[in-house]
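This is what each chain is made of:
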Amino acid sequence: MTNQERGVLRKMEFPDMARDALPIIENLIINRNKHDMAMDLISEFVFRERRDEQRATPQFPKLPTGPRLSSIEEFQLVLVLCEYFARPGPDATRNAVFLSLFGGSNTRTSVLNKLISTAVSGSIAPLLCAAGTWMQQLGCTSPASLELAQCIVRDFVIFSKKSSEQLKSLPLVAPRFAANLMTAVCDLYLNGVGKEQLEAPPDLLLEVITEWVSETPSLCLASQQQPALPSGAIAMPVTTPLAGLIRWCVLSLLITEKQELYSKLHLAVLQSLLEATPPVTTPPTLQPINAQHLTLIVNTVQAEMESLTKLGQSLNGEQLQSCLERFAQAIQVGLTSRCVFGNVTQLIFRLESLPGKNKLLQIVINANKAS
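Reference entry: report on the structure contained in this document. (Residues numbered from 1 in each chain as written. Predicted model: local features only at pLDDT ≥ 70, side-chain atom pairs only at ≥ 80, totals over all residues. Heavy atoms only, no water.)

1. Side note on unusual backbone geometry
Working step 1: Of note, the amide linkage connecting F14 to P15 takes the cis form, showing an omega dihedral of 15°.
Working step 2: Following the sequence through the fold, P15 ends up in the loop between α1 (3-11) and α2 (16-30).
Working step 3: One non-glycine residue with positive phi stands out, namely R338, at about 55°.
Working step 4: By the element assignment, R338 lies in the loop between α16 (317-336) and β2 (340-341). (Helix = DSSP H or I, 4+ residues; strand = E, 2+ residues; numbered from the N terminus.)

The structure is reproduced here in structure tokens:
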């Protein structure tokens, strides 16, 4: 890109400069040795970021400090990006541009969250598919992915009296995004990591996810499909939502007696595990559940029991037995379906330390000790 072309963009009003810059940025990203120039254009013409901390070079002279996007400009940019990503074109190119726009930047989350919320409302499949790949490449439980998940929950669950049709149909519109969103959302609730007490998901969220998994058991594996990435890019390891959903079903029995939806979700997860049986030749790391994630559930069950004991409370014996039985069922189906990889021996060892003796759990332990 010449200085003259850059000068033309600088004379334009926002968001026209962003609209005209995006095709140029796309071409530079496709031409991989021009990636630095593309990132510079993104910063200047798409997000209008301050450049006072950037080092000037003869090729890209330092610009005066300018204001970041106002709320109105953010809205305008969201519309421009929706229009851009909805255009027909190769998925790999679209994903590469999305990753270049939002990969690893904490300063662009406001635009990102508004963009994806708008895409869910408008069922913009290409944009949501790109967002699903972005979540997977950054990690579904990375801070940026978790913030996006919180935004979707806030906009479509907490501020709603009933679930929107757009949210319900998300698995059909963008299955990878729906699967990765589930993985992120599972990390937000009924998770003992760094929290004083377990927090259950909102009823409406539980209802939507239960419906997703019940109607489409294969949805939990959607993130395992090879993502469309530019040549030379490396796909990051996949984390499916299955371990998180098992954790919800198991730990819910320790904090609530409202089990109708959790029971339905548990059955749907078992069905997903049965359908997820991989070919015998599948490499272990491509199986959908890491044994370590199931071991973390053991730790949380123990911690919750200790917490209740310190508070002078006691769990209903039936609740504890149901919790252990549900966990045992999920582990046995997962192991039988060859869906669990990693240190299974350590998982079985940790299961023995769980409080309260449960016949089904003991059968699972003994069966897998001998194998």
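What follows picks up the thread again.
2. Let's talk about helix α15 (residues 291-310)
Working step 1: For α15, with 20 residues, the first-to-last C-alpha span of 29 Å sits near the 28 Å given by 1.5 Å per residue.
Working step 2: For α15, every residue scored as buried is listed here: A291, L294, T295, I297, V298, T300, V301, Q302, E304, M305 and L308.
Working step 3: On its buried face, α15 sits against α13 (242-251), β1 (289-290), α16, β2 and α17 (344-351).
Working step 4: Where α15 begins, the capping side chain belongs to N290, and its oxygen is found 2.9 Å from the backbone nitrogen of Q292. (Expected span 1.5 Å × (residues − 1). Buried < 20%, exposed > 50% of the residue type's maximum accessible area, 1.4 Å probe, protein only. Contact = heavy atoms within 4.5 Å. Polar contact = N/O pair within 3.5 Å; in protein donor to acceptor, adjacent residues only side chain to side chain.)

3. Observations concerning the packing of α15 against α17
Working step 1: At a minimum axis separation of 9 Å, α15 and α17 run at an interaxial angle of 15°. What the angle tells us is that α15 and α17 run roughly parallel. α17 is crossed by α15, and the crossing has left-handed handedness. Taking contact as the criterion, the partners of A291, L294, T295, V298, N299 and Q302 in α15 are, on α17, V344, L347, R350 and L351. (Axes fitted to C-alpha atoms, helices over the stretch in contact; angles between N-to-C directions. Parallel < 35°, antiparallel > 145°, perpendicular 65-115°, else oblique. Left-handed = near helix turned anticlockwise from the far one by under 90°.)

4. Some remarks on the packing of aromatic side chains
Working step 1: On inspection of all chains with the given rule, the structure shows 6 aromatic pairs.
Working step 2: Ring centres 5.7 Å apart and planes at 75° place the aromatic pair F47 and F102 in the edge-to-face group. Here F102 lies in helix α5 (residues 91-102) and F47 lies in the loop between α3 (35-46) and α4 (71-85), a separation of 55 residues in the sequence. Each member of the pair, F47 as well as F102, carries the same accessibility label: buried.
Working step 3: Each ring, one from Y189 and one from W248, has its centre 6.4 Å from the other, and the planes form 75°; the classification is edge-to-face. You can see Y189 sitting in the loop between α11 (175-188) and α12 (203-215) and its partner W248 sitting in helix α13, a full 59 residues away along the chain. Accessibility assignment for this pair places Y189 and W248 in one class, buried.
Working step 4: Aromatic rings pair up to connect F47, Y84, F85, F98, F102 and W134 into one cluster. (Phe/Tyr/Trp six-rings, centres within 6.5 Å; stacked < 30°, edge-to-face > 60°.)

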